[in-house]
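Reading the structure
Here are the chains, one letter per residue:
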Amino acid sequence: MSLPATTRAIAVYPDHPGAVHRTEIPVPQVGPTGVLVQTIRVGVCGTDREIIHGALGTSPPGSRELVIGHEVLGRVVAVGDQVHDLLAGDLVSATVRRPDGCPACVAGQPDMCIAGDYEERGIVRQHGFMTEYWVEDRAWIVPVPKHLESTGVLIEPLTVVEKAVRQVDLIQERMAWWQPSTVVVLGAGPIGILGTLLLRARGIDVTTVARTPQPNPAASIVEQAGATYVSSREVSLDALRNQRGNIDIVLECSGASTLAFEGMHLLGANGVLVLLSLTDAGRMLEVDAGRINTGIVAGNKTVVGSVNAGHEDFAQAVDDLGRFESLWPGLLNRMFTERLAFDDDVTSIARKDARGIKTLIEFDQTR
Ligand code: BGC
């Protein structure tokens, strides 16, 4: 097959935020360890919208544009001559972050980078995957089994909560006895829903809190997985704390910085609060520092931030997506509330539909 020289893509101008546009970019050469991939679909996430609105995002050196998109499922088209474990037609995804030379990156954990000079596909100095074809080094390719063809685009967002829960497990190695039985997930966007499913799959009692009252699509998904959905307009977090007893884990994925502090107060003794929302500076808040501080100290509580994910999280996400599908057949597909083709009005992705969960850009339809 003759390899494509250029590829259509969806990009932003980081210097002129506010809109996305269609563009065409060259397809990089496939080096000896490279993999050329044809995109099936790409998920749109909150980070993409922040890039569109100019809160983050840097274009690659020498380019005014940044192709966005970092939640991808694609099919291998061709591989370099040193790649022996992938064949044309295999399904793949890819990790997001590429290391700099800092000791944490060199040790194999770019998701724990300390220098901050990392690159991220679709976010920082590397084009993303909202493009018909892309090339990536085998080192960053994640093989995806065929049975995940319809849901595999959720692997990357699932890795965010896989890493979060792995952090909790690592932190709780401090405990001689710890049996998490009660979790509160703050936020019912894609990350909140996937976190809910992950903890439900472990048999833990999960309460997922979000603003929108029921009925709504997110509430129906979390309830079908056996979690309890609570609207924060109807039940205060203080009331929830009194009802739920000792809360072992709080996952904060609402996107609201103020909830980090609410989460500290919600958390029970020996518990872990994981903060997952990247939020803008400038949101000022008056807090009862005395109460929060004493609660954390006297309760041996831990507050941890978590971003991005490592290879082990991608491997675990591949396993868990399959597990979710057998536990709750068809449930994950209900997260896909909108499917756009490349030729549709993709500028609409800049706006979040309040009741929508995950928008997908379907590239297969453009062939
Ligand atoms: C991605 C992460 C990335 C982060 C910050 C998130 O949307 O899932 O992989 O590290 O944005 O750039």
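Refer to the structure presented above.
The structure contained in this document is the topic of the report that follows.

Rules used throughout
Residues numbered from 1 in each chain as written. Predicted model: local features only at pLDDT ≥ 70, side-chain atom pairs only at ≥ 80, totals over all residues. Heavy atoms only, no water. Helix = DSSP H or I, 4+ residues; strand = E, 2+ residues; numbered from the N terminus. Rg over C-alpha atoms; globule rule 2.2 N^0.38 Å. Buried < 20%, exposed > 50% of the residue type's maximum accessible area, 1.4 Å probe, protein only. Contact = heavy atoms within 4.5 Å. Areas by Shrake-Rupley, 256 points an atom, 1.4 Å probe, with all protein chains shown as cover. Lys, Arg positive; Asp, Glu negative; His and termini not counted. Charge placed at Lys NZ, Arg CZ, Asp CG, Glu CD. Pairing = 2+ DSSP bridges. Near = heavy atom within 4 Å. Polar contact = N/O pair within 3.5 Å; in protein donor to acceptor, adjacent residues only side chain to side chain. Nonpolar A, V, L, I, M, F, W, Y, C, P; charged D, E, K, R; others polar. Core = buried A, V, L, I, M, F, W, Y, C linked by side-chain atoms within 4.5 Å. Domains from an automatic or database assignment. Salt bridge = Lys/Arg side-chain N within 4 Å of Asp/Glu carboxyl O. Phe/Tyr/Trp six-rings, centres within 6.5 Å; stacked < 30°, edge-to-face > 60°. Lys NZ or Arg CZ within 6 Å of the ring centre and 35° of its normal. Arc of directions from axis to C-beta.

**Regarding the overall build of the chain**
- From N to C terminus, the chain includes nine helices and 19 strands.
- Radius of gyration (C-alpha) of the chain: 21 Å, near the 21 Å computed for a compact globule of 367 residues.
- On the principal axes, the C-alpha backbone points of the chain span a range of 65 × 45 × 45 Å.
- Taking all 367 residues of the chain together, 53% fall into the buried category.
- At a minimum sequence separation of 6, the contacts of the chain that also span at least 24 residues come to 70%.
- In the structure as shown, the chain presents an accessible area of about 15,900 Å², 51% of it carried by carbon and sulfur atoms.
- Between the mean site of the 32 positive side-chain charges and the mean site of the 44 negative ones, the chain shows a separation of 4 Å.

**Remarks on the sheet that holds strand β1 (residues 6-12)**
- Strand order in this open sheet of three strands is β2-β1-β4, and the pairing throughout is antiparallel. Looking at strand neighbours, the two that pair on one side only are β2 (21-26) and β4 (66-67), the edges of this open sheet.

**A few points about the site of the ligand**
- Every residue lining the ligand is accounted for by Cys45, Thr47, His70, Val96, Arg97, Glu120, Ile123, Glu156, Val160, Leu278, Val307 and Asn308.
- A distance of 2.5 Å separates an oxygen atom of the ligand from a polar atom in the side chain of Thr47.
- The separation between an oxygen atom of the ligand and a polar side-chain atom of His70 is 3.2 Å.
- Surface burial for the ligand is 90%, taken as the share of its 310 Å² of free accessible area covered by protein chains.
- Of the residues that constitute the shell around the ligand, the class distribution is six nonpolar, three polar and three charged.

**Describing the nonpolar core**
- Of all hydrophobic cores here, the largest spans 54 residues; its most connected members are Leu199 and Leu251.
- The biggest single contributor to this core is helix α3 (residues 155-171), with seven residues.
- Of the residues that make up this core, three or more belong to each of domain 1 (6-144 + 332-362) and domain 2 (159-305).
- Filtering out sequence-adjacent residues up to four positions away, Leu251 remains in contact with Val161, Ala164, Val184, Val185, Leu186, Gly195, Leu199 and Val274.
- Core analysis: the next-biggest nonpolar cluster, separate from the first, contains 40 residues, Val92, Val96, Cys113 and Ala350 among them.

**Overview of the environment of Gln214**
- Examined against the element boundaries, Gln214 turns out to sit in the loop between β13 (205-210) and α5 (217-224).
- Along the backbone, Gln214 and Ser231 are 17 residues apart, and their C-alpha atoms lie at a distance of 7.2 Å.
- If near-sequence neighbours (up to four positions away) are discounted, Gln214 is found in contact with Ala219, Glu223 and Tyr229.

**Quick look at the pairing of strand β6 (residues 91-94)**
- Residue alternation in β6 divides its side chains into two sets, Leu91 and Ser93 and Val92 and Ala94, and both sets are buried.
- Examined bridge by bridge, strand β5 (residues 71-79) and β6 share two bridges and lie antiparallel to one another. Among the inter-strand pairings, Gly74 is bridged to a residue of β6, identified as Val92.
- In terms of strand pairing, β6 meets strand β11 (residues 141-144) through four bridges, oriented antiparallel. In the strand pairing of β11, Ala94 is matched with Ile141.

**Let's talk about the side chain of Thr23**
- Along the chain, Thr23 falls in strand β2.
- Ignoring sequence-local partners within four residues, the contact set of Thr23 consists of Thr7, Arg8, Ala9, Ala11 and Glu65.

**Some points on the pattern of salt bridges**
- Enumeration over the complete set of coordinates arrives at 16 salt bridges.
- Residue Glu136 is joined to Arg121 by a salt bridge in which the shortest nitrogen-to-oxygen separation is 2.9 Å. With a gap of 15 residues between them, Glu136 in strand β10 (residues 133-137) and Arg121 in strand β8 (residues 119-121) connect regions that are remote in the sequence. Note on accessibility: Glu136 and Arg121 belong to one class, buried.
- Among the salt bridges present, the one from Glu312 reaches Arg166, with a minimum N-O distance of 3.4 Å. One end of the pair, Glu312, is in helix α9 (residues 311-327); the other, Arg166, is in helix α3, with 146 residues separating them in the sequence.
- When salt bridges with common partners are traced through the structure, they connect Arg8, Glu132 and Asp343 into a single cluster.

**Re the packing of aromatic side chains**
- Scanning the model with the defined rule gives three aromatic pairs in all.
- Geometrically, the ring pair formed by Phe324 and Trp328 is tilted, given 5.8 Å between the ring centres and 50° between the ring planes. You'll find Phe324 and Trp328 in the same group, each marked buried.
- Lying across the ring of Tyr13, Arg64 places its NZ or CZ 4.4 Å from the centre.

**Remarks on α5**
- By the burial criterion, the buried members of α5 are Ala218, Ala219, Ile221 and Val222. For α5, the buried positions fall inside an angular range of 160° around the axis, keeping them on one side.
- The N-cap of α5, judged by a side-chain oxygen 3.2 Å from the amide nitrogen of Ala218 a few residues on, is Asn216.
- At the exit of α5 stands Gly226, carrying a positive phi of roughly 90°.

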